[in-house]
There are 2 protein chains.
Amino acid sequence: MARAPNAPQQADRIAAPAISREDVPVRVYNFSAGPAQMPLPVLERAASELTDWAGSGMSVMEVSHRGKDFVACAADAEAALRRILAIPEGYRVLFLQGGASAQFAAIPMNLTASGETVAYLNTGQWSAKAIAEARAQEVEVVVAADEADSAYTTTPAPGSYEVPAEARYLHYTPNETIGGVEFPEIPQSHAPLVADFSSSILSRPLDVSRFGLIYAGAQKNMGPSGLAVVIVREDLLGRARPSTPSVLDYARMAKADSMLNTPPTFAVYLLGLITHWIEESGGLEAMGQRNQAKAALLYQAIDGSDFYANPVQERSRSWMNVPFTLADPSLDSEFLAGAQAAGLTNLKGHRSVGGMRASIYNAMPIEGVRALVDYMTEFERTKA
Amino acid sequence: MARAPNAPQQADRIAAPAISREDVPVRVYNFSAGPAQMPLPVLERAASELTDWAGSGMSVMEVSHRGKDFVACAADAEAALRRILAIPEGYRVLFLQGGASAQFAAIPMNLTASGETVAYLNTGQWSAKAIAEARAQEVEVVVAADEADSAYTTTPAPGSYEVPAEARYLHYTPNETIGGVEFPEIPQSHAPLVADFSSSILSRPLDVSRFGLIYAGAQKNMGPSGLAVVIVREDLLGRARPSTPSVLDYARMAKADSMLNTPPTFAVYLLGLITHWIEESGGLEAMGQRNQAKAALLYQAIDGSDFYANPVQERSRSWMNVPFTLADPSLDSEFLAGAQAAGLTNLKGHRSVGGMRASIYNAMPIEGVRALVDYMTEFERTKA
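Conventions we followed
- Within any chain, residue numbers begin from 1 and follow the written order of that chain's sequence.
- Written order decides the labels, with chains lettered from A and ligands numbered from 1.
- At least 70 in pLDDT is required for a residue's local features to be given in this predicted model, at least 80 for side-chain atom pairs to be given and counted, and no such filter applies to totals for whole chains, interfaces and linings, which use all residues.
- The basis for the side-chain values is all heavy atoms of the structure; hydrogens and waters are excluded.
- A helix here means a DSSP run of H or I that spans at least four residues, while a strand means a run of E at least two residues long, and both kinds are numbered starting from the N terminus.
- Radius of gyration: C-alpha atoms only; globule rule: 2.2 Å multiplied by the number of residues to the exponent 0.38.
- Each residue's exposure class comes from its accessible area (1.4 Å probe, protein chains only) as a fraction of the maximum for that residue type: buried when under 20%, exposed when over 50%, partly exposed otherwise.
- Where accessible areas are quoted, they stem from the Shrake-Rupley method and a 1.4 Å probe; at the residue level, only the protein chains shown are allowed to cover.
- One side-chain nitrogen of Lys or Arg within 4 Å of one carboxyl oxygen of Asp or Glu is enough to make a salt bridge.
- We define the nonpolar core as a collection of buried residues of types Ala, Val, Leu, Ile, Met, Phe, Trp, Tyr and Cys that are connected through side-chain atoms lying within 4.5 Å of one another.
- Here, two residues are considered to be in contact whenever any of their heavy atoms come within 4.5 Å of each other.
- Pairing between two strands requires that DSSP report at least two bridges joining them.
- Whenever a helix is involved, its axis is fitted only over the stretch in contact; in every case the axis is a line through C-alpha atoms, and angles between N-to-C directions fall within 0 to 180 degrees.
- An expected span of 1.5 Å times one less than the residue number is assigned to each helix.
- What is called the bend at a residue is the angle between a pair of axes, fitted to the seven residues leading up to and ending at it and to the seven starting from it.
- Pairs of N or O atoms are called polar contacts if they sit within 3.5 Å, as long as, within protein, a hydrogen donor faces a hydrogen acceptor (for residues adjacent in sequence, only side-chain-to-side-chain pairs).
- UniProt positions are given in the numbering used here, feature names are shortened, and annotations may be inferred rather than shown by experiment.
- Under this scheme an angle from 65 to 115 degrees is roughly perpendicular, one under 35 degrees roughly parallel, and one over 145 degrees roughly antiparallel; angles in between are oblique.
- Here the term charged refers only to Asp, Glu, Lys and Arg, the term nonpolar to Ala, Val, Leu, Ile, Met, Phe, Trp, Tyr, Cys and Pro, and the term polar to all other amino acids, Gly among them.
- Stacked, tilted and edge-to-face are the three classes applied to pairs of Phe, Tyr and Trp rings, where Trp contributes its six-membered ring and a pair requires centres within 6.5 Å; stacked means planes under 30 degrees apart, edge-to-face means over 60, and tilted covers the rest.
- Consider the ring centre and the ring normal. A charge sits over the ring if Lys NZ or Arg CZ is within 6 Å of that centre and within 35 degrees of that normal.
- In predicted models, pLDDT denotes the confidence assigned by the predictor to each residue on a 0 to 100 scale.

1. Observations regarding the overall build of chain A
Piece 1. When you go through chain A residue by residue, the secondary structure sums to nine helices and 14 strands.
Piece 2. A compact globule built from 384 residues would reach a C-alpha radius of gyration of about 21 Å, and chain A, at 22 Å, matches this within 12%.
Piece 3. The 384 residues of chain A split such that 62% are buried.
Piece 4. Carbon and sulfur atoms make up 51% of the accessible area of chain A, which totals about 13700 Å².

2. Describing the pattern of salt bridges
Pairing of side chains with opposite charge becomes possible as their charged atoms draw close.
Piece 1. Counted by the stated rule, this structure contains 28 salt bridges over all chains.
Piece 2. Between Glu279 of chain B and Arg83 of chain B there is a salt bridge, with its nearest N and O atoms 2.7 Å apart. Of the two residues, Glu279 of chain B sits in helix H6 (residues 265–280) while Arg83 of chain B sits in helix H2 (residues 68–85), which places them 196 residues apart along the sequence.
Piece 3. Salt bridges sharing common partners tie together Glu116, Arg168 and Arg239 of chain A.

3. Digging into the nonpolar core
Piece 1. Counting residues in each nonpolar core, the largest one holds 125 residues, and the members touching the most others are Leu85 and Phe266 of chain A together with Leu85 and Phe266 of chain B.
Piece 2. Leave out the neighbours within four places in its chain, and Leu85 of chain A touches Ile201, Leu202, Leu206, Val208, Ile231 and Leu284 of chain A.
Piece 3. With 54 residues, the next largest nonpolar core counts Val194, Leu236 and Tyr250 of chain A together with Val232 of chain B among its residues.

4. Observations regarding the sheet that holds strand E3 (residues 117–122) of chain B
Residues and elements named next belong to chain B.
Piece 1. With mixed pairing, the seven strands of this open sheet are ordered in space as E2-E10-E9-E8-E5-E3-E4. With one partner strand each, in any of the chains shown, strand E2 (91–96) and strand E4 (140–146) form the two edges of the open sheet. Each strand of the sheet is rotated relative to its neighbour by a mean of 20°, with strand direction disregarded.
Piece 2. In the sheet, strand E9 (residues 213–217) pairs with strand E10 (residues 228–233) via five bridges, with the strands oriented antiparallel.

5. A few points about helix H3 (residues 99–111) of chain A
Piece 1. Helix length check: H3 of chain A (13 residues) gives 18 Å between terminal C-alpha atoms against 18 Å at 1.5 Å per residue, within 8%.
Piece 2. Taking the largest bend as the criterion, H3 of chain A deviates by roughly 35°, centred on Ala105 of chain A, and proline Pro108 of chain A comes between one and four positions later.

6. Thoughts on the environment of Glu138 of chain B
Residues and elements named next belong to chain B.
Piece 1. Relative to the elements of secondary structure, Glu138 occurs in the loop between helix H4 (125–136) and E4.
Piece 2. A C-alpha to C-alpha distance of 41 Å links Glu138 and Glu285, two positions 147 residues apart in sequence.
Piece 3. With sequence-adjacent residues up to four places away left out, Glu138 is seen in contact with Ser114 and Gly115.
Piece 4. There is a polar contact of 3.0 Å between the side chain of Glu138 and the side chain of Ser114.

7. Thoughts on the UniProt feature "modified residue: N6-(pyridoxal phosphate)lysine" (unreviewed entry) in chain A
Residue and element names in this part refer to chain A.
Piece 1. As recorded in UniProt, the feature "modified residue: N6-(pyridoxal phosphate)lysine" (unreviewed entry) lies at Lys220.
Piece 2. Structurally, Lys220 can be placed in the loop between strand E9 (213–217) and strand E10 (228–233).
Piece 3. Once residues lying within four places of it in the same chain are set aside, the contact partners of Lys220 are Ala33, Gly34, Ala36, Gln37, Thr177, Ser198, Ser199 and Tyr361.
Piece 4. At 2.9 Å, the side chain of Lys220 forms a polar contact with the backbone oxygen of Ala33.

8. Describing the side chain of Ser318 of chain A
All names here are of chain A.
Piece 1. Looking at the element boundaries, Ser318 is found in the loop between strand E11 (308–309) and strand E12 (321–326).
Piece 2. Ser318 gets classed as buried once you look at its relative accessible area, which sits at 0%.
Piece 3. In terms of polar contacts, Ser318 uses its side chain to reach the backbone amide nitrogen of Met320, at 2.9 Å.
Piece 4. A distance of 2.9 Å separates a polar side-chain atom of Ser318 from the backbone nitrogen of Asn321.
Piece 5. Those residues in contact with Ser318 that sit more than four places away from it in its chain are Asn175, Gly180, Val181, Glu182, Ala295 and Tyr299.

9. Details of the sheet that holds strand E11 (residues 308–309) of chain B
All names here are of chain B.
Piece 1. Strand order in the open sheet formed by three strands is E11-E12-E14, with antiparallel pairing between adjacent strands. Unpaired on one side and paired on the other, E11 and strand E14 (356–359) mark the two borders of the sheet.
Piece 2. One ladder, built from two bridges, connects E11 with strand E12 (residues 321–326); its direction is antiparallel. For Ala309, the partnering residue across the bridge sits in E12 and is Thr325.

10. Focus: the packing of H6 of chain B against helix H7 (residues 283–303) of chain B
All names here are of chain B.
Piece 1. Relative to each other, H6 and H7 sit at 80°, their axes nearing to 7 Å. Judged on the interaxial angle alone, H7 and H6 are roughly perpendicular. Counted together, Trp277, Ile278 and Glu279 of H6 and Gly283, Leu284 and Met287 of H7 form the full contact between these two elements.
Piece 2. Split into classes, the residues belonging to the contact of H6 with H7 amount to four nonpolar, one polar and one charged.

11. Observations regarding the packing of aromatic side chains
Piece 1. Tallied over the entire structure, the rule returns 33 aromatic pairs over all chains.
Piece 2. Measuring from ring centre to ring centre gives 6.1 Å for Phe307 of chain A and Phe379 of chain A, while their planes differ by 50°; the resulting arrangement is tilted. Here Phe379 of chain A lies in helix H9 (residues 366–383) and Phe307 of chain A lies in the loop between helix H7 (283–303) and E11, a separation of 72 residues in the sequence. For the pair shown, Phe307 of chain A and Phe379 of chain A are each scored as buried.
Piece 3. Ring geometry for Tyr375 of chain A and Phe379 of chain A: centres 6.0 Å apart, planes at 35°, overall tilted. Residue Tyr375 of chain A and its partner Phe379 of chain A are both found in helix H9; the two are separated by four residues, about one turn of the helix.
Piece 4. Classification of Tyr375 of chain A as buried rests on a relative accessible area of 14%.
Piece 5. The lysine or arginine in question, Arg204 of chain B, covers the ring of Trp319 of chain B, its NZ or CZ lying 3.4 Å from the ring centre.

12. Digging into the confidence of the model for chain A
Residues and elements named next belong to chain A.
Piece 1. For chain A, mean pLDDT is 93; residues scoring 70 or higher make up 93% of the total.
Piece 2. Predicted confidence for residues 1–9 stays below pLDDT 50, and this span has 34 contacts to residues more than four positions away or in other chains.
Piece 3. Both scores are given for the predicted complex: the pTM is 0.93, the ipTM 0.93.

13. Re the environment of Tyr120 of chain A
All names here are of chain A.
Piece 1. Along the chain, Tyr120 turns up in strand E3 (residues 117–122).
Piece 2. Judged by relative accessible area, Tyr120 falls into the buried class, the value being 1%.
Piece 3. Separated by 74 residues in sequence, Tyr120 and Val194 place their C-alpha atoms 9.2 Å apart.
Piece 4. Discounting chain neighbours no more than four positions away, the residues touching Tyr120 are Pro108, Ala130, Ile131, Ala134, Val141, Val142, Val143, Ala144, Ala145, Tyr169, Leu170 and His171.
Piece 5. Among the polar contacts made by the side chain of Tyr120, one reaches the side chain of Tyr169 at a distance of 2.7 Å.

Now the structure itself:
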């Protein structure tokens, strides 16, 4: 295919230093909770074809979402996700906008009529947000278990709570990003199980068949912000309230293969690259092993020290988000500054919690956790 | 700041051809209606820093939206938008997800109570979608003008319609992307004016003070898909229905500087680059002059030929989207194939309309329009 010459644009450049792509990119270990570190090969691939995707002479960001190239790209990303998660038949995969936060409202809009009952487990701030948005949708929210007594450092023991018979679904947050609290098991539920997997999806194998609906903002393990993946059992579709915005209506979006309106095409494209990276890295079994090892390394360092502490009940400690405190909080700033200087960034704890938090998603290699542990050990030693 | 070594990731690469960045990117003229062609300097800048933004050792996609670097980036993009559009005091600028389509529902949710009356002008398919979503929000939609009689090739003459006194707002679609119909004037309205500017925002100067609310999906003149910009007069905030999803609640998002939840950070970053490109290209006055010249060139070629035709009333012809038909539709495929081979892509008309459509947004240089006109002239000559 012939190409038009590189016609001059009105402004030929935006002031920026020239960077040779042959340079090895200078990268830090980024412990941000989301948006979060992405696999470097994914970023490099995206950068290499940002102006010319697959020989098209256009960026993937510039092509029609309804053209055959992007349709194939989206189908490929969905197929990879299905393979990786071993999603059974009878589930739809949707690519939506608005992050998990839009889903807090979309879920009751799609799955309930006004006045019906739903059950939630409250294990932290993200559970609480989901509960608040559900209440605003005029459903009767029963909080079947509330871990407030432990200051949200625990998950409810299996069998220790009841879900009302009339509950249209049971919603829980498998991994609370802020508190670093992760369910070690999938709750039993007679009602369809609905789960906000934003900060732990694709971190280890998952039995999707246990769930009615899984949702996740992409910006931890699945790419950049701006995309929410919804995996929903087909029998739950089709009774959305008439006032549900079309772009949050699961049945309408499913019918349109997530393209009722323009999807976030660049995020879908990156999801495709990330899912391929996961497959090339050994899939969720291998991811799970690596993540378990990373978490163990860090918790051992914390537990083996009198200087650092993590408050979470051991069985509920998150593999993805590790909050910890220093014995002397007045040293927090110095700890963070030294970490930054050592190339260990975004360790500051959530603004509502203080202290430190290391998020160690899929893209964080074990070398990064070792570097953090080495830094923590050395910092403690200098303060002894 | 010291950097961590470039630690090996689990999978070191994703199979891709090596591309040297010193190569001139091979680019086509892309007439896609959205997602659409973006300015090449913007894409090149983004590519050059995709793995290391502003010396941070992280991509802009990997940083926390609440960190000082991204907060500054978003503030800069907003400030540039305010300068370019000369947005007066008393307006908020919001960066939301869900595109314009989410706004079709968000607008009645935010601006009306159930049962109130609103007025819409119907000039094409996007007007119709907005009307349908408003009706689903249980407002009384009065279609004050409906251009069905002209098969949606006209805009209603000023003064030819009435807006009910009780209308909470008058909504119109300044540029219908599919029909190529653009209002040559801003409607008069006693009710606050609400406008879907998705396909014409930033194409020429605009008197924002005439409007209560302007909204636009970014993926024509403002970047990639996944971002909707909402410019809303402050007096219209604060009476959103309680069941409005938080991420679509203007007052709540305004209070949080569009960061109630995680915004689409890469799209906001690109918006910043694009607004700077617009300023460096002479702002909206210069954009308007260039766009007017581009459109004139193409319409003259169509009108000066018996082979091509455009159905739109002359005063309402869009500067952004130019649909046209061939005298013999059986030649459509050949026309498209030849155009593709000549580096003129995405000329196929909307699936609901057929024929051809050239979208000629800001990033399409006049050279691209000349190349198209040359191709059209030659194609006609060979068919004579």
